[in-house]
Every structure is written in structure tokens, then in C-alpha cells.
Amino acid sequence: MKIIRVALDVPVATLFDYRCADAGDEDVGSRVLVSFGKKTAVGVIIQVGTTSQLPHSRLKTALRVLRDVPPLSAADLQLLQFASAYYHHPLGPTVMNALPVRLRRAGKLSRQAVTGYALTAAGMAAPPDGLPARAIVKRRLLALFRQRRTLDAAAIKALAATAPAALRQLLALGWVEPWESAPSAALTPETIIAGPALTPEQEDAARGILSGLNGFNPFLLLGVTGSGKTEVYLRAIEAVLAAGRQVLLLVPEIALTPQLETMVRSRFPGFPLVSVHSGLNEGERQQHWLAAQSGAARIVMGTRLAVFTPLPDLGLIVVDEEHDTSYKQAEGLRYSARDLAIVRAQQRKVPIVLGSATPALETYHNAVTKRYRLLGLTQRINAAMPHIECVATRDEKLQDGLSQHLIEAIAARLGRGEQSMLFINRRGYAPVLMCHACGWLSSCHRCSAQLVLHLRDRRLRCHHCGHQAAIPVTCPECGNQELAPLGQGTQRVEAALALRFPRARILRVDRDSTRRRNAWQTMRSQIHAREVDILIGTQMLAKGHDFPHLNLVGVLNADSLLYSTDFRAPERLFALLSQVAGRAGRGDTRGEVLIQTEFPQHPLYTALRELSYAAFACSLLAERKQAGFPPFVYQALLRAEAPRLDTALAVLARAAQLGRDLSRRVTIYDPVPAGMVRLAGRERAQLLVQADSRARLQNFLSAWYEKLAAETSSRARWSLDVDPLEF
């Protein structure tokens, strides 16, 4: 009797055995429908054998092996098993959550086999006047087919709203035809558009990567903003595609995807590209995933969840902005997509390129110690590095958060018809509403945080748990009617600039203003068309965007991260400010960056003005080594949450005792309240574990996790975070 071991999406660290007479070794990785409790569930077959630790009388029979899509490959399962073991998360949820939602359900799949459309010989031979003069969209679509030979659905939709209807008419004429996988005609050098000439530094970097395409070789591409890192990526991608292999390109944010996607499509028009990120609907995610698994998609671009996308012909992985904390999953399987990408490259014996202007210190340390190969781009392309100036604000009374120097600089840029950007990493109108009579603050009753004032919506909102409340007419504590906003957010800065510069065209870019689908793409088009004079935004504007007419960047409230107790705060602030400063002066005019601060002589700002990442990173690494922080030690954080803080602390105290009984070769600190103690109505605490060896820490965590799971307490929920980034 055949026995299958099945991974199910249940929070227990075990596989489940079922009888399955028709299962074979070829079904490992296949989805299977089974009875679980009183319900049916979809799982993935991990093993096929003939024995089970359970008696046969207790084994249920699997309902059906789902063979409507190909199984996960051995390489895919190997990566998922590694992630489960390293991050100490049950294998079932790890495997199932890597699948598109529709593949986790038992319903019939609405598969669309067509992944794109190709120009036929008849379409190529069609006379230029074969379409009516008024059929503008059809003419443009046919011209695009003749230029690229093949187009996928996304490229067709991007042409015009009526392009799908025009496509149907071209199909009826026989000028184009659908295809399920990339036609051989598409996979030729002729469908690769030549890029610009490389600088000597880019030539050296590209040559270095191309020399390591035949095996696992990790590269750190350290390039200042505007130095052409993307063009180096594209040269490496070109070589891999020409060799018939697939490429995985990871980006930290969905907002970065459209711009880079357009660039990649225009360079490789004959090579199908799919995107994988949380902004896709269920049907899109399924189709893109299947196109990648079948090999039809030659380029897969996406955010952190794309690291698990099956790619049978994987030849290269690129991780853009590798330092970005968005690559770290904050709940469930708390994985780092960057780190798993490195593991995947090692398992598949392919190169990986990590690109950044300000790499994570762990990555930079690996490069300077020769574990990674360091490639440098120190000069901008056809542009000078921006001039960075710190504006001392300690003795100045700011006007709505703006210094006089910054206001005058904005006015000067407006007078010259140039664009300016103000960066403030706080959305909303003001961080808090305050009563000056009694000191009341608009606090969230569910979190250890303030309710942010959103004046346009007349609401107070918690940016952590989502709680909303109406703006009170009077102070809830003393009845005072004069409640005042305290501090600045993007909306307040926008309102202040609109009063000061009434003729300026102002655009605010934050999570509130880009909530609608395709809102950011529209805004980006407005910026490039010079329909915007002043940009105001949060981190969304800091990463990867190229605005050639933006010559002034002002940074508000830069000092906030200097007060943080997190040892990674200086590294993050330097990276953030470097990215923000990099938006300025990418055209013909040298950019100017004004950073408002009360501490203009702080070493961090000195390094920033000198554009010296290497010196700053080396000083931080020396401090980390002396203090015993990563990358010189390895950490894990056990978190617990409960209705009461003392309950969470008690559970962690018991966990600490279990750990100390297991080993004295790791350091187990005492449990403490979390940085944000209360979140969404629950009190949180944490326990730090540290070791000077990754293997030693992992061996301890494996034994400790078993003890913790055996002593599961209903009094508190707990989770383990390996290599934590947030404390």
C-alpha cells in the first residue's frame, strides 16, 4: 500500500500520512485533496513510501491527487524545506503559502493557457495601408508587434484601453496568433534591444558578473545613486537570456515594479516577463506563477514573495536595493527574501547580484571579507553628485516645519522652472492632536502609539492597528475647545506650501494618495511630463526613481531616527538619506540637498556630506564588533503576546529557563517589554538569544523549539524570529 506524507496549512510541525494507491514518486510536489477533520483540504505531497508510524487502521485515504498543474520540483521543495528548518516554521504553512491562493483551493482552475501573442508571417507581410487610417490603436498595436515580434497581455493593455479589442481584430485577420510558451523565434538575439554604451566602471562590473555565470558566485554591486546599476543588471540578464536560461529579479516595493518592468520589457521585447507581488489579483497571480513554472516566462520580477516562484531554467538572481527591510517578512514565516535568494542561488549553482548604494552591513562585511565579490560604481553617469548641506534648525523658529533657507531654495527652483521634493517620513496631517490646557494626546486605546490626524478625512487614525476615531470637538479630559495638531505630516506640509506658493503645482505621494489602483503610475507620468513643481512624499519617493528635472531635495525631521534605541538605526538613517539625496540632480543641473537638523556636526551627517559610505560602514562595523552585535554574532528573538504584559513576560521567563537548561553555549537575555508594548489590544514582550556561531544558534533553536512546542501555553501566543531586524 502506498503511503503519502502531506504538508497541510496547519500550525503544527508535522506531516500527515494518508493511503493513496495510485501515488508514485513522480507525484512528489503535487497537490492532493485530503480529508482533514470534518473538512477537506488541499496539501502538497512531500514523500511517497510504503510505511507509516501510524497503524494502517488509523490512516485515511487521500481523496484525489490533483494533477492539473505540474508538481513542485525537487529544487523548489529543497528551498522550502530549508526555509522551514532555518526559520523554525512548520513545513505545511511554509509550502502552502508559497503557492498562489487559487492553488490552495480544491475548486477547478480557470487556466488561461495563452501567455502571449506572436506576429505571424501574414502580419509581417501585411501592407502598411492594410488597416483604415482611423484605426489608430490597431495601427499602433501592429507596429509594436512588428518591433517586438511577441507581446504579453500586460504589454498590450499598457498600449491603450481599447488595445484588447484591437487585438481580437488582428487575431481574426490572422496577423497575430496566441502562444502558450515562448516561440523559438522570440528567443533570439534579434529581439534584444541594444543598450547605451557602458562607462569603464560599468564595463568592469558587467565583465566581472559575466565571468561568473557558470556557477554559484555572489556579487555585491555597490554603486552610488545614478551610477547605472540597472544597466549592469540588464547586461547580465541579456547574457543569461541568450543562453536560454530564466532570470529572477527582486525589488523591495511594488511602487518600484512598473518603472523597472517597463525598462526590462523595452530591452527584451521577445522574452516573456511576468511580475509577482501582492498587488495582483488571484487570477493574475496564478497565471504568472504557472507561466514561470512552465518556463514560458523567461523573466520573473517581483517583491519578496517572488523568491519562492518555481523557475525550472533559473540562470541568474538579481536583488535590487538589497539593504531594504521590505525583504524581511514580519509575520508568519519570518523570512528574509534576500537571504533565501542567496541560498537558492547556492542550491541551484547560479550567480546572484546584490545591488545597493548603501548595502546592509552584513552584506558589506561579507564583501570586505571576500565571501562575496565586490564590484564598485563610484561615479554618476553624465551627472555630478548632489551638493548636500545640513541646515541647522536648533536656534530657528520653523515655519510649518520649514526653515527659511529651505523656503528660499524652493522659491529659487520654482523661478527656474525646476522641480523640488520635500521628504518627510510621516503621512497624515500631524502625528498627534494635543490639548495644551491639560496635556491630553490623541492616543490609540489599542496600541502604544498616537492617533495620527488626517484633517481632510476629519479622522484620527492609528497607523499600526488601523483603528479610527472622529476628531473630538472638545478635549475628552478637560473640555477645552482649543485642540491643536502637533508636528508635521505630509498633508500639513502640502497645505503649508499651497498657501506659500499658490501658483505651484504640488503633488503628495504617500500611502494615502496612492491607494487607488494605478494611481502611482499616473503620478509618475505627471512628474516626468513636468506637470508637477513640488513633490511631497514618504519613503515611496526615496527608492529607485529617476526624475531628470528634480534638482532640489529637502529633508524634514531627519533627526527622529537618531533617538532610536535600535542599534541598526544609524545604518537605516544613512541608507534612507542617501537614497533620498540620490533623487536630486539626475539631469544636466547639479542637485542640491538640504537636510534640516539640530545636530549638523553629527558623524552620520558628516559622512553623508562627504558621500563616504565605506568610511561610515567601517566605523559602524568597528562599533558592532566591540559591542557584540551582528554581523559578528547571530541572533533570534522569541516574541510573546497576551492580554496582559505580565502573562507574556511569565511565558518568556519559562522559555528562558528551558533554554538555559538546554545549553550554556548561547546567551539568553532576560525577557523585556517590546519596543511597542501594546499592539492591536495585546501586550507584547520579547526574549533575545545570541550566539557567536550560526550553527550553534541553529542547533540550540531546533532543540528549544521542540521544548517550546511541547509546553504550548494558551495564555500567550509566541513566535520565533531568526535574524530579526526589528526589536
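Before any of the text, the structure's been laid out above.
I will try to describe carefully the structure that is included in this document. (Residues numbered from 1 in each chain as written. Predicted model: local features only at pLDDT ≥ 70, side-chain atom pairs only at ≥ 80, totals over all residues. Heavy atoms only, no water.)

Moving on, we get to the pairing of strand β15 (residues 352-356). Counting buried positions along β15 gives five out of five residues, so the element sits mostly inside the fold. By the bridge criterion, five bridges tie strand β10 (residues 218-223) to β15 in an arrangement that is parallel. Residue pairing for β15: L222 is matched across the bridge by S356. Here four bridges tie strand β14 (residues 314-320) to β15, and the two strands are oriented parallel to one another. Counted as the bridge partner of V319 is L354 from β15. Of the crossover connections in this fold, the one passing from β14 over helix α11 (residues 337-348) to the parallel β15 is right-handed. (Buried < 20%, exposed > 50% of the residue type's maximum accessible area, 1.4 Å probe, protein only. Helix = DSSP H or I, 4+ residues; strand = E, 2+ residues; numbered from the N terminus. Pairing = 2+ DSSP bridges. Right-handed = clockwise from strand over helix to strand, strands pointing away.)

Further remarks concern the environment of G537. Residue position: G537 is located in strand β25 (residues 534-537). Sequence separation between G537 and S356 is 181 residues; the distance between their C-alpha atoms is 21 Å. Beyond its immediate sequence surroundings of up to four residues, G537 is in contact with L422, F423, I424, T490 and V509. (Contact = heavy atoms within 4.5 Å.)

Across the junction of P630 and P631, the peptide omega takes the value 15°, indicating a cis bond. As for its position among the elements, P631 is in the loop between α18 (613-627) and β28 (634-642). One non-glycine residue with positive phi stands out, namely N557, at about 60°. Inspection of the secondary structure puts N557 in the loop between β26 (550-555) and α16 (569-581). Owing to a relative accessible area of 34%, N557 belongs among the partly exposed residues under this scheme. Within the chain, D723 stands out as a residue other than glycine whose phi angle is a positive 55°. With respect to the element layout, D723 can be found in the segment after β32 (717-722).

On to the pairing of strand β3 (residues 31-36), then. One ladder, built from six bridges, connects β3 with strand β4 (residues 39-49); its direction is antiparallel. Bridge pairing in β4 links L33 to V42. In this structure, the hairpin formed by β3 and β4 is closed by a connection of two residues, where G37 is found at a positive phi of approximately 65°. The sheet contact formed by β3 and strand β6 (residues 64-66) spans three bridges and is antiparallel. Note that in β6 the partner of V32 across the bridge is V65.

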